[in-house]
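# Analysis of the macromolecular model
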Amino acid sequence: MIETPKKRPSGIVAFTIVWIGQIVSLLGTAMSNFALTLWAYEVTGKATPLAMVAFFFMTPMVVLGPFVGVLIDRGNRKLMMMLSDLAAALTTVLILILYTTDALQIWHLYVTAAISGTFQGFQWPAYSAAITLMLPKEQYARANGMLDLAGNASAVFAPLLAGALIGPLGIVGILIIDLLSAATAIGVLLFVPIPQPPRSEAGREGEGSFFKEAAYGLRYILARPSLLGLQTVFLVANFFNVLAFVILAPMILGRTGNDELIFGSVQSAGAVGGVVGGLVMGIWGGPKRRVHGVLLGWFCMGLLGQALLGLGQALPVWIVAIFVVAFFGPLINGSNQAIWQAKVAPDVQGRVFATRRLIAWLVSPISQLLAGPLADRVLEPAMADGGSLAPVFGRLVGTGTGAGIGLLFVATGLLAALTGLSGYLFPTVRNAEEILPDHDVVVATAKA
């Protein structure tokens, strides 16, 4: 009797399996990040080192993005995703060795963050491009909502689990859990097939030398003002968003006397908001006109979430505000991602999506470099009791430790909200979905 080969999972089943593996991996990563954040703040008591870790993580992703995109489009996308998970695991091993030998210093986190950021640059473009081929376009927004749900679901439980386990297991135990979670994600990817894209007209246009292909993503976006306009909204809004949120931990810890429970509760509340937002996107699929999800999402996140977070001086307000911020994240990202996945040919998405992220995050490293010194040297002293700005804004955000960062949250939240609304002023942005044809329509027209 001849045995028929077992059918490997495909479509939504394959995507769901990979998604579950990512939830496990993200949970371990979030737990180790939480533990190391507490360690770094206890060692330094400053906002700047935490901002610098984020800077060294993000900068390689931004700078190397176009080159990573070429490797993704030329290579095997599943292999690129596995490489990213493996590199993250190796940096965790390095931190584990340094910590257990009492040699870990703050600058070690900068180095490992740079290594992780370099390889993490493969993960998102490869994953996003894979979704385009694994699912029909009607499912793009839901799938992206599920991805946001994965990140936020892990963040719900990570502070709780890390807070509960860091006592009996210590940081060493948390790091080992992170390694096991990375192994799970890699194992899942070995099992699930990830399709490779067929060649398109856009793909043939972008062929050439390595550097020519690296520049193709930028040429592609510049030739389509609607896509460039959408990413410009993200560039400006991200600048204001990152400038504040990179020093959220010092604000909460500073205003609560280093209360780890309150800090963990705020993080968990934000994660719950992200979970709810991801569930809503997963079920609803977002507005019919995706651009409304992007522009109105930024407006609501900035005004009703980020600004309120700075106004708050106690846990109940912070919980509401961070919930709102995180709730609108899946709507913004899922709507924007669905537009790009529908409009960009799959075989050039690696390069285009990497360049897209370069544009959106171009100023984020600047935000991260500015945030710590701006808080430690300017705003915090100015909002201390008797400080120069305390009489003006003290009634708004209070005074003392953390008040200066709170003022920064209010200002940047209002500016991010205005950035979202400004997109409606430009027809190429508000009518992006009508102006740009879907990539499958272009293929069908070419065949006809």
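Let me begin by describing the structure that accompanies this report. (Residues numbered from 1 in each chain as written. Predicted model: local features only at pLDDT ≥ 70, side-chain atom pairs only at ≥ 80, totals over all residues. Heavy atoms only, no water.)

### Brief notes about the environment of A345
Counted only if it meets this: Helix numbers and strand numbers start at the N terminus; a helix is a DSSP run of H or I with at least 4 residues, a strand a run of E with at least 2.
As for its position among the elements, A345 is in the loop between α13 (315-343) and α14 (349-361). Between the C-alpha atom of A345 and that of L414, which follows or precedes it by 69 residues, the distance is 36 Å.

### Overview of the packing of helix α1 (residues 11-44) against helix α4 (residues 77-100)
Two packed helices can be described by the angle between their axes and the distance between those axes. Defined as follows: Interaxial angles span 0 to 180 degrees and are taken between N-to-C directions of axes, which are lines fitted to C-alpha atoms, for helices over the stretch in contact. Any angle between 65 and 115 degrees counts as roughly perpendicular, while under 35 counts as roughly parallel, over 145 as roughly antiparallel, and the rest as oblique. Crossing handedness is read from the near helix: turned anticlockwise from the far helix by less than a right angle, it gives a left-handed crossing, and turned clockwise, a right-handed one. Residues are treated as being in contact if the distance between any of their heavy atoms lies within 4.5 Å. Lys, Arg, Asp and Glu make up the charged group, whereas Ala, Val, Leu, Ile, Met, Phe, Trp, Tyr, Cys and Pro make up the nonpolar group; the residues left over, Gly among them, are polar.
One way to put it is that α1 packs onto α4 with a least axis distance of 12 Å and a crossing angle of 30°. When the axis of α1 is compared with that of α4, the two are roughly parallel. Classified by chirality, the crossing of α4 by α1 is left-handed. Counted together, V18, Q22, S25, L36 and W39 of α1 and M81, D85, I95 and Y99 of α4 form the full contact between these two elements. Looking at side-chain class alone, the contact of α1 with α4 contains six nonpolar, two polar and one charged residues.

### Focus: unusual backbone geometry
Selection criterion: Each residue is assigned to one of three classes by its accessible area relative to the maximum for its type, calculated with a 1.4 Å probe on protein chains only: buried under 20%, partly exposed between the two thresholds, exposed over 50%.
With a phi angle near 55°, D102 is a residue other than glycine that sits in the positive phi range. By the secondary structure assignment, D102 is in the loop between α4 and α5 (106-134). On the basis of relative accessibility, which here comes to 73%, the residue D102 falls in the exposed class. Located in the positive-phi region is N258, a residue other than glycine, with phi close to 60°. Here N258 lies in the loop between α10 (248-255) and α11 (260-284). Judged by relative accessible area, which is 44%, N258 ranks as partly exposed.

### Quick look at the layout of surface pockets
The condition that has to hold: Any residue with an atom within 4 Å of a point lines the site, the site being either a cavity, points on a 1 Å grid over the protein atoms alone where a 1.4 Å probe fits but cannot get out, or a pocket, an open set with protein on both sides within 12 Å along at least 5 of 7 lines. Grid points are joined across faces, edges and corners, and a volume is the space filled by probe spheres set on the points.
Taken as a whole, the second largest pocket holds about 230 Å³ of empty space. What lines the second largest pocket is K137, E138, Y140, R142, G285, R290, A338, I339, A342, K343, E433 and D438. Contributions of two or more residues to the lining of the second largest pocket are made by α6 (140-191) and α13. The element that contributes the greatest number of residues to the lining of the second largest pocket is α13, accounting for four residues. The class makeup of the residues in the lining of the second largest pocket is four nonpolar, one polar and seven charged.

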